[in-house]
Amino acid sequence: IYVGSTLVDMYIKCGSLSKAQKVFHELPNRDVVLWTTLIAGYVDHDRGEEALQCVKQMKRDGFSPNAHTLVCSSKACGTLKAIDRGQGIHTEITLKGYEHEIMVGNSLISMYATCGLLETARLLLDRLPFRDVVSWTAMIDGYAEHGYGEEALNCLKGMQHESISSNALTYTCCVKACCSIGTIEKGYELHSAIVERGFESDLPIGSILVSMYVKSGALREAQFVFDKLTIRDYVLWTALIEGYSQVGESENVFSNFDKMLGEGIKPDLASFLIIFNACNHEGLVEKGLAYFEAIRREYGLTPTLEHYTAIIDLLGRSGHLSKAISMIREMPWHPD
RNA sequence: GAGUAGGGAGGUA
């Protein structure tokens, strides 16, 4: 059974949930660890509903969830924004006396914060016997995500006051908080703290800084941050491209998109929306259609209804009405 | 042998 759990875990971490399920079902004996491994796998793959189903089934099979299982369950509720079921998990945690374990406490803070129950999250944070960088970061992210920038940044002070050192994840959430405050001064402050701490080469930090500067229209700063990063991925590129799109510099939208492709980085569906918008802006019907074709042919992605809407909009505005109508007909969905 | 926090998301017709 140890070998089985390890194998299930290995398949999950390689991204092969189906193989993990297969091994799981072929094992003659199951225990809490094995169940929890599979549940964690569902959560990891954003399949919260199946994770919770699995917990139910494990209970029916006579196993009682332990702290590990309950942490996974609360995470599942967080991703599902299912706070009602989340409260049930919380109750179970309290009944079993796990509430003061740091990882359990942190997962509850994160769940409530993600679901927007910020006061509850805060209460749990304050009541934890010991807080760590994860506790604070989860709280900061919750505040930031729901537009409470000031509160988020106060948490940064709070953790410094407790001599808990922040890390790159903490700063990412703080920069996110800055975006909701709307003044760029705090952003500059954080940016220099990030440079001081040596986090500027961190990819998520770079992406959110680019995005922060983009939102305040400071494209030069955004480009500056971008240029400091030697490892780039599609998220970072898209943040920059989005910036040029916002200020109407379509040439830079196209040139940066092509540069990204030139680096061998695969665009994702979101970046094509920005491209179509630029095409629309410039009236570039042929270019738009060429990119639309490329989505499937070159990148093996499936355009969504939004992509069709964007391209149909482009066709319609430029007077290609019959082509627009035939696009509507060829869509796999009912037009909205 | 299993568990907790972070990044980009078009248009608004």
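Residues numbered from 1 in each chain as written. Chains lettered and ligands numbered in written order. Predicted model: local features only at pLDDT ≥ 70, side-chain atom pairs only at ≥ 80, totals over all residues. Heavy atoms only, no water.

A.B. asks: Help me understand the layout of surface pockets in this model?
C.D. replies: Volume-wise, the largest pocket comes out at about 570 Å³. Around the largest pocket, the lining is made up of 22 residues, and of these Val71, Cys72, Lys75, Met103 and Ser107 lie nearest the centre. Mapped onto the lining of the largest pocket, the elements with two or more residues apiece are α3 (32-44), α5 (67-80), α7 (102-114) and α9 (133-145). At 8 residues, α5 tops the list of elements feeding residues into the lining of the largest pocket. For the lining of the largest pocket, the class distribution of residues is 10 nonpolar, 9 polar and 3 charged. By volume, the second largest pocket amounts to about 450 Å³. Taken together, 16 residues make up the lining of the second largest pocket; nearest its centre are Thr137, Ala138, Asp141, Leu169 and Cys173. (1 Å grid on protein atoms, 1.4 Å probe; cavity = no way out; pocket = protein on both sides within 12 Å on 5 of 7 lines; lining within 4 Å. Points joined across faces, edges and corners; volume = space filled by probe spheres on them. Helix = DSSP H or I, 4+ residues; strand = E, 2+ residues; numbered from the N terminus. Nonpolar A, V, L, I, M, F, W, Y, C, P; charged D, E, K, R; others polar.)

A.B. asks: Looking at this model, I keep getting lost on the protein's contact with RNA strand B. Mind explaining?
C.D. replies: Close to RNA strand B lie 54 residues; Ser5, Val71, Thr172, Asp202 and Ser207 are nearest. Contact between RNA strand B and threonine 172: a base nitrogen at 2.9 Å from a side-chain N or O atom of the residue. In this structure, aspartate 268 approaches RNA strand B through a side-chain N or O atom, which is 2.6 Å from a base nitrogen. Taken together, the residues of the surface near RNA strand B sort by class into 26 nonpolar, 16 polar and 12 charged. (Near = heavy atom within 4 Å. Polar contact = N/O pair within 3.5 Å; in protein donor to acceptor, adjacent residues only side chain to side chain.)

A.B. asks: Explanation requested: helix α2 (residues 17-26) in the structure shown.
C.D. replies: Owing to its 3.6 residues per turn, the α-helix brings residues three or four apart onto one side. Within the sequence span of α2, burial applies to Leu17, Ala20, Val23 and Phe24. With its buried residues spanning 125 degrees around the axis, α2 presents them on a single face. Exposed residues lying more than 90 degrees from the buried face of α2 are Ser18, Lys22, His25 and Glu26. Taken together, the buried residues of α2 touch α1 (2-13) and α3. (Buried < 20%, exposed > 50% of the residue type's maximum accessible area, 1.4 Å probe, protein only. Arc of directions from axis to C-beta. Contact = heavy atoms within 4.5 Å.)

A.B. asks: Teacher, can you tell me more about the environment of aspartate 141 here?
C.D. replies: In this structure, aspartate 141 sits in helix α9. In this view, aspartate 141 contacts Cys173 and Lys176; residues no more than four positions away in its chain are not counted.

A.B. asks: Help me understand the side chain of histidine 307, please; the structure alone is not making it clear to me.
C.D. replies: Looking at where histidine 307 falls in the secondary structure, it is placed in helix α19 (residues 305-317). Its relative accessible area of 2% is what places histidine 307 among the buried residues. Excluding residues that lie within four positions of it along the chain, histidine 307 makes contacts with Leu269, Phe272, Leu273, Phe276, Phe292 and Ile295.

A.B. asks: Please clarify how the side chain of serine 207 should be interpreted in this entry.
C.D. replies: Along the polypeptide, serine 207 turns up in helix α13 (residues 203-215). Among the polar contacts listed, one links the side chain of serine 207 to the backbone oxygen of leucine 203, at a separation of 2.9 Å. Among all residues touching serine 207, those that are not within four sequence positions of it are Val235, Leu236 and Ala239.

A.B. asks: Just to check I follow, could you spell out the pattern of salt bridges for this structure?
C.D. replies: Where side chains of opposite charge bring their charged atoms close, a pairing between them can arise. Within this structure, the stated rule accounts for 14 salt bridges. For glutamate 92, the salt bridge goes to lysine 96, with nearest N and O atoms at 2.9 Å. Of the two residues, glutamate 92 and lysine 96 both sit in helix α6 (residues 83-96), 4 residues apart, roughly one turn of that helix. Residue glutamate 92 is classed as buried on the basis of its relative accessible area of 15%. When its relative accessible area of 28% is taken as the criterion, lysine 96 is described as partly exposed. Glutamate 263 serves as the salt-bridge partner of arginine 232, at 3.1 Å between the closest nitrogen and oxygen. In this pair, arginine 232 is assigned in the loop between α14 (219-228) and α15 (234-246) and glutamate 263 in the loop between α16 (250-262) and α17 (269-282), connecting sequence segments 31 residues apart. (Salt bridge = Lys/Arg side-chain N within 4 Å of Asp/Glu carboxyl O.)

A.B. asks: Help me understand the packing of α15 against α17, please; the structure alone is not making it clear to me.
C.D. replies: Between two packed helices, both the angle of their axes relative to each other and the distance between the axes serve to describe the pair. Contact pair α15 / α17: the axes reach a minimum separation of 10 Å and the direction vectors enclose 20 degrees. Between α15 and α17, the crossing angle belongs to the class labelled roughly parallel. Like other packed secondary-structure pairs, α15 and α17 cross with a definite hand, here left-handed. Residues Thr238, Ile241, Glu242 and Ser245 of α15 form the contact with α17, whose participating residues are Ser271, Ile274 and Asn277. (Axes fitted to C-alpha atoms, helices over the stretch in contact; angles between N-to-C directions. Parallel < 35°, antiparallel > 145°, perpendicular 65-115°, else oblique. Left-handed = near helix turned anticlockwise from the far one by under 90°.)

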